[in-house]
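# Structural characterization, general
Each chain, letter by letter, is given below.
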Amino acid sequence: MLSIRDLSVGVEGKTIVRHLNLEVRAGEVHAVMGPNGSGKSTLAQALAGHPAYAVTGGEVTYLGRDLLAMSPEDRARAGLFLAFQYPIEIPGVSNAAFLKAAINEQRAARGLDELDAMDVLERLEQKLQLVEMDKSFLSRPVNEGFSGGEKKRNEILQMAVLEPTLAILDETDSGLDIDALKIVAQGVNRLRRPDNAIILVTHYQRILQYVEPDHVHVLFDGRIVKSAGKELALELERRGYDWIRDEVGAVA
Amino acid sequence: MTTPTKTLEALATRDYKWGFVSDIEADTLPPGLNEDVIRLISAKKAEPEFMLDWRLRAYRHWSKLERQAGEPKWANVTYPPIDYQKIVYYSAPKRQGEGPASLDEIDPKLLETFEKLGIPLGEQKRLAGVAVDAVFDSVSVATTFKEKLAELGIIFCSFSEAVQNHPDLVQKYLGSVVPYTDNFYAALNSAVFSDGSFCYIPRGVRCPMELSTYFRINAAGSGQFERTLIVAEEGSYVSYLEGCTAPMRDENQLHAAVVELVAQEGAQIKYSTVQNWYAGDAEGRGGIFNFVTKRGKCAGRGARISWTQVETGSAITWKYPSVILQADDSIGEFYSVALTANRQQADTGTKMLHIGKNTRSTIISKGISAGRGNNTYRGLVRILPRAANARNYTQCDSLLLGDRCGAHTFPYIEVGNASSIAEHEASTSKISDEQLFYCKQRGLSGDNAVSMIINGFCKEVFKNLPMEFAVEATKLLGVSLEGSIG
Ligand SMILES: Nc1ncnc2c1ncn2[C@@H]1O[C@H](COP(=O)(O)OP(=O)(O)O)[C@@H](O)[C@H]1O
Ligand SMILES: [Mg+2]
């Protein structure tokens with residue numbers, strides 16, 4: 001589904017992601033772990049097409065298309081979803097209005113009919129239960145005045161509503177209490193289908209107790225330095241990131 | 001990659017789809033202004049003596065102002081001097097016979113024009129729930145639902161008709177809120193105004209439909225000088241809407257209107273405007289000079305007047321819908337969205353004059369500047385010493401799109417007693433690249449993302465508009481931004 005080959009990404013002229021390779025197949029969940037500043041968000045943002053993150057080398061194929069040639073909105077319409085580490089506030093625009101616009105623009109791009117307000121509302125209310133949010137959540141402005149946990153749940157709500165083909169979750173688990181974490185995990189598990197894939201960017205192993213990854217990668221200084229099965233997450237939890245640093249340092 | 005800056009720079013290319021000209025035979029006076037012109041306008045309308053007298057007094061006052069100081073210079077706008085002798089002060093579509101025309105006597109081209117503007121006047125097609133007075137250049141051509149409203153004692157007609165049929169009411173209230181001595185343009189309007197709308201809501205009546213006037217400038221070289229007077233008697237309620245468009249022309253055209261509102265005890269007037277006069281082109285050629293005086297008086301206890309305006313058009317807007325809170329417990333509100341793109345300039349705001357005790361006022365102003373637009377909020381809150389326990393809340397927010405536009409805020413606040421409070425909040429923001437990217441990541445196009453963010457910014461104002469108008473206003477901002485992303 002997603003094939004990243006030799007990808008390098010720079011921010012403000014500084015190379016952050018270096019020669020990264022990653023292969024994601026339909027039905028898989030990949031965990032990308034790594035210490036702060038290792039380039040996890042940079043990778044996520046570059047895949048979504050953020051203009052501040054400049055791709056300086058490599059190729060990315062998504063569903064057989066050249067992802068890097070697509071505009072951010074086209075990537076989204078092709079089913080790529082990014083749950084932001086720091087969700088953005090849009091004052092005055094209700095969650096419902098925002099999601100209605102998103103749903104309908106994505107549908108239009110796929111040649112589907114526009115959903116009317118009633119249809120959208122029905123769909124939203126259904127998904128609200130998943131994130132255990134009250135109906136009033138829909139009339140609140142997008143992320144404005146939300147607590148950290150509410151923002152993260154809102155990302156999951158949007159993901160559930162938009163039903164992406166490839167979801168990239170950037171530390172959606174950070175800063176959540178155990179109940180909220182379970183809700184997020186549940187949202188991810190619901191999305192898990194043979195024709196979907198998920199990249200779970202995380203700093204901690206905690207969420208992986210609820211969402212079982214097929215592959216775990218360690219990102220260090222912009223490179224994937226280690227890939228293995230879910231057992232790697234536990235090892236990282238036990239031993240921290242320092243031993244990786246030592247290992248990588250020894251190789252370099 | 002499109003950034004909001006680039007996106008909105010491209011606002012310069014926005015389309016104006018109301019810019020067509022109708023080919024209609026007109027009865028037009030030659031350009032120029034003197035006492036004879038005023039006598040002629042008054043005679044064309046077969047006005048009673050008191051009207052001509054009032055016009056002449058206004059004219060003499062205006063002439064004096066013109067000789068002494070000329071037009072007011074304090075507004076934060078720049079434009080070449082206006083030659084008042086080059087303006088046409090009266091232009092009306094020709095028609096047969098006297099008195100108000102019935103629908104089948106109206107030139108079909110006129111009906112067609114209004115239909116094209118989305119204001120069908122014909123019996124079958126007219127807008128449900130909205131009574132419309134359609135003003136074309138200097139005269140009102142039709143007023144819908146007049147008879148139905150009359151059953152409730154509501155008078156809704158053109159100003160000219162009101163002068164003929166209800167001279168007592170006109171004489172009593174004309175100039176009672178905006179005297180002709182008020183300012184330069186109010187004096188000019190009082191001298192030459194040719195038509196407009198008149199509404200009278202009798203005691204205790206809740207007007208069952210929206211009343212609305214649609215102003216259309218068509219003739220070249222003419223100015224539009226209309227006057228609206230709304231009187232709401234004790235305990236009555238009315239919601240009034242005003243819309244306007246004009247053809248695209250390279251020369252500037254002057255629109256100097258006066259609106260007066262009178263709300264008696266416990267009455268409520270909601271006055272909403274969607275102003276969409278032609279704004280001129282990207283270089284600042286052409287467009288309407290919109291120099292307007294709007295004021296309401298809360299004359300009776302507990303009266304309430306709300307101004308809601310969405311100003312997207314005009315080359316220059318100079319306008320301060322105000323409320324005189326004369327009676328105790330009265331309420332004044334001002335909700336405004338002003339958009340300036342290209343070379344548009346707006347100097348707009350409000351005045352809240354607190355005279356009565358326990359009077360309340362709320363001001364919410366949202367200024368949006370794009371391109372090389374220049375947007376100024378100018379507001380005065382004056383709480384007199386005798387206005388005990390008065391309250392004002394003012395919020396002025398500016399949204400800048402791009403870095404060649406300007407936003408300015410001039411709030412003047414005078415609190416004359418210790419029991420009163422005036423609060424003021426202001427903010428300036430930009431649409432961030434992060435917001436735009438977030439929307440795009442959810443599949444929104446850049447255009448839609450920008451309109452959505454702008455609509456969110458304007459929400460507190462839009463929610464005060466009647467439903468049909470809110471949709472219209474949203475569409476207008478959408479149209480203004482259409483095609484602005486490459
Ligand atoms: N928008 C940005 N502007 C400037 N520097 C950035 C930006 N995003 C990331 N960086 C830099 O890139 C490096 C990697 O950051 P990031 O990708 O956020 O790491 P992680 O998500 O793994 O914590 C850091 O040195 C950070 O300062
Ligand atoms: Mg990060």
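As the structure is a prediction and not an experimental result, all values here were calculated from the model. (Residues numbered from 1 in each chain as written. Chains lettered and ligands numbered in written order. Predicted model: local features only at pLDDT ≥ 70, side-chain atom pairs only at ≥ 80, totals over all residues. Heavy atoms only, no water.)

## Brief notes about the overall build of chain B
Counting its regular elements, chain B contains 11 helices and 23 strands. For chain B, contacts bridging at least 24 residues in sequence account for 84% of all contacts bridging at least 6. (Helix = DSSP H or I, 4+ residues; strand = E, 2+ residues; numbered from the N terminus. Contact = heavy atoms within 4.5 Å.)

## Observations concerning the confidence of the model for chain A
Mean pLDDT over chain A stands at 91; residues scoring 70 or higher make up 98%. Here helix 8 (residues 242-251) of chain A is the element of chain A with the lowest mean pLDDT, 71, and strand 6 (residues 80-83) of chain A is the one with the highest, 98. (pLDDT = per-residue confidence, 0-100.)

## Looking at the packing of aromatic side chains
Residues and elements named next belong to chain B. Using the criterion set out here, one finds 20 aromatic pairs over all chains in the structure. Geometrically, the ring pair formed by Trp62 and Tyr84 is edge-to-face, given 5.4 Å between the ring centres and 75 degrees between the ring planes. Placement of the pair is Trp62 in helix 3 (residues 49-68) and Tyr84 in the loop between helix 3 and strand 2 (91-93), with a sequence separation of 22 residues. With respect to burial, Trp62 and Tyr84 carry one shared label: buried. Arranged with centres 5.7 Å apart and planes meeting at 75 degrees, the rings of Trp318 and Tyr320 form a pair that is edge-to-face. Take Trp318 and Tyr320: they sit in the same class, and that class is buried. The rings of Tyr59, Trp62, Tyr84, Phe184, Tyr185, Phe289, Phe291, Trp318 and Tyr320 are connected pair by pair, giving a single aromatic cluster. For Arg206, the ring lying beneath its charged end belongs to Tyr237, and the centroid distance is 4.0 Å. Positioned above the aromatic ring of Tyr438 is the side chain of Arg442, whose terminal nitrogen or guanidinium carbon lies 4.8 Å from the ring centre. (Phe/Tyr/Trp six-rings, centres within 6.5 Å; stacked < 30°, edge-to-face > 60°. Buried < 20%, exposed > 50% of the residue type's maximum accessible area, 1.4 Å probe, protein only. Lys NZ or Arg CZ within 6 Å of the ring centre and 35° of its normal.)

## Side note on the coordination of the magnesium ion (ligand 2)
Residues and elements named next belong to chain A. Binding of the magnesium ion (ligand 2) to the protein goes through Ser41 (OG) and Gln85 (OE1), at separations of 2.1 to 2.2 Å. Of this pair, Ser41 sits in helix 1 (residues 40-48) while Gln85 sits in the loop between strand 6 and strand 7 (90-94), placing them 44 residues apart in sequence. A relative accessible area of 15% places Gln85 in the buried class. (Donors = N, O, S within 2.8 Å, 3.2 Å for Na, K, Ca; no water.)

## A look at the site of ligand 1
Residues and elements named next belong to chain A. Around ligand 1 sit 13 residues in total, of which Gly37, Lys40, Ser41, Thr42 and Tyr53 are the nearest. The contact in question runs from an oxygen atom of ligand 1 to an N or O atom on the backbone of Lys40, over 2.9 Å. Here an oxygen atom of ligand 1 sits 2.9 Å away from a polar atom, N or O, in the main chain of Ser41. For ligand 1, the protein covers 66% of the area, taking 550 Å² as the surface of the free molecule. If you list the elements that add at least two residues to the shell around ligand 1, you get strand 2 (14-24) and helix 1. Per-element tally for the shell around ligand 1: the top contributor is helix 1, with three residues. For the shell around ligand 1, the class distribution of residues is four nonpolar, six polar and three charged. (Near = heavy atom within 4 Å. Polar contact = N/O pair within 3.5 Å; in protein donor to acceptor, adjacent residues only side chain to side chain. Areas by Shrake-Rupley, 256 points an atom, 1.4 Å probe, with all protein chains shown as cover. Nonpolar A, V, L, I, M, F, W, Y, C, P; charged D, E, K, R; others polar.)

## Here we look at the side chain of Ser445(B)
You can see Ser445(B) is positioned in the loop between helix 9 (433-441) and helix 10 (446-462). For Ser445(B), a relative accessible area of 18% corresponds to the buried category. Ignoring any residue separated from it by four or fewer positions in sequence, one finds Ser445(B) in contact with Glu73(A), Arg77(A) and Glu105(A).

## Thoughts on the interface of chain B and chain A
Contacts between chain B and chain A engage 19 residues on the former and 33 residues on the latter. Ranking the residues of chain B by area buried against chain A places Phe437(B), Tyr438(B) and Arg442(B) at the top, with a combined share of 36%. Here chain B is connected to chain A by one salt bridge. One salt bridge in this structure joins Arg442(B) and Glu155(A), with 2.7 Å as the shortest N-O distance. The interface formed by chain B and chain A contains 15 residue pairs in polar contact (both at pLDDT 80 or more). Of all the secondary-structure elements, those providing two or more residues to the side of chain B that touches chain A are helix 9 and helix 10 of chain B. A breakdown of the residues in the side of chain B that touches chain A according to their chemical character gives eight nonpolar, seven polar and four charged. (Buried area = accessible area lost by both parts, 1.4 Å probe. Salt bridge = Lys/Arg side-chain N within 4 Å of Asp/Glu carboxyl O.)

## Topic: helix 3 of chain B
Residues and elements named next belong to chain B. With 20 residues, helix 3 should cover 28 Å at 1.5 Å per step; its first-to-last C-alpha distance of 29 Å lies within 8% of that length. Those residues of helix 3 lying buried are Phe50, Met51, Leu52, Trp54, Arg55, Leu56, Ala58, Tyr59, His61, Trp62 and Ser63. Those residues of helix 3 hidden inside the fold are in contact with helix 2 (35-44), helix 6 (159-165), helix 7 (167-173), helix 8 (184-192) and strand 8 (227-232). Trailing helix 3 by a residue or two, Gly70 shows a phi angle of about 75 degrees, which is positive. (Expected span 1.5 Å × (residues − 1).)

## Here's the deal with the pairing of strand 4 (residues 53-62) of chain A
All names here are of chain A. When strand 1 (residues 2-11) meets strand 4, the two strands line up antiparallel, connected through eight bridges. Looking at strand 4, one finds that Leu2 is bridged to Tyr62. Judged from the two bridges that link them, strand 4 and strand 5 (residues 65-66) form a sheet pairing that is antiparallel. Paired with Thr61 across the two strands is Asp66, which belongs to strand 5. (Pairing = 2+ DSSP bridges.)

## Concerning helix 7 (residues 231-239) of chain A
Restricting attention to buried positions, one finds in helix 7 of chain A the residues Leu232(A), Ala233(A) and Leu236(A). On an axial view of helix 7 of chain A, the arc spanned by its buried residues comes to 105 degrees, and they lie on one face. (Arc of directions from axis to C-beta.)

## Observations regarding the nonpolar core
One finds Leu2(A), Ile4(A), Ile168(A), Leu169(A), Ile199(A) and Ile368(B) to be the most contacted residues of the largest nonpolar core, which totals 107 residues. The leading source of residues in this core is helix 10 of chain B, at nine residues. Apart from the residues within four sequence positions on either side, Leu2(A) is in contact with Leu22(A), Glu23(A), Val24(A), Leu47(A), Val60(A), Thr61(A), Tyr62(A), Leu67(A), Leu166(A) and Ile199(A). Core analysis: the second largest hydrophobic core is formed by 55 residues, Leu29(B), Trp54(B), Phe193(B) and Phe291(B) among them. (Core = buried A, V, L, I, M, F, W, Y, C linked by side-chain atoms within 4.5 Å.)

## Let's talk about the side chain of Gln441(B)
In this fold, Gln441(B) is placed in helix 9. The class for Gln441(B) is buried, based on a relative accessible area of 1%. In this structure Gln441(B) touches Ala48(A), Ala76(A), Leu80(A), Phe81(A), Leu82(A) and Phe84(A), once residues within four positions along its chain are discounted.

## Examining the packing of helix 5 (residues 148-162) of chain A against helix 6 (residues 178-191) of chain A
Residues and elements named next belong to chain A. Where helix 5 meets helix 6, the axes come as close as 10 Å, and the angle between the chain directions of the two elements is 15 degrees. Relative to helix 6, the element helix 5 lies roughly parallel. In this structure, helix 5 meets helix 6 at a crossing whose hand is left-handed. Of the residues in helix 6, those touching helix 5 at Arg153, Ile156 and Met159 are Ile183, Val184, Gly187, Val188 and Leu191. For the contact of helix 5 with helix 6, the per-class residue count stands at six nonpolar, one polar and one charged. (Axes fitted to C-alpha atoms, helices over the stretch in contact; angles between N-to-C directions. Parallel < 35°, antiparallel > 145°, perpendicular 65-115°, else oblique. Left-handed = near helix turned anticlockwise from the far one by under 90°.)

## As for the pattern of salt bridges
All names here are of chain A. Enumeration over the complete set of coordinates arrives at 30 salt bridges over all chains. The residue Asp195 makes a salt bridge to Arg193 at a minimum N-O spacing of 3.3 Å. One network of salt bridges, in which partners are shared, links Asp74, Arg77 and Glu105.

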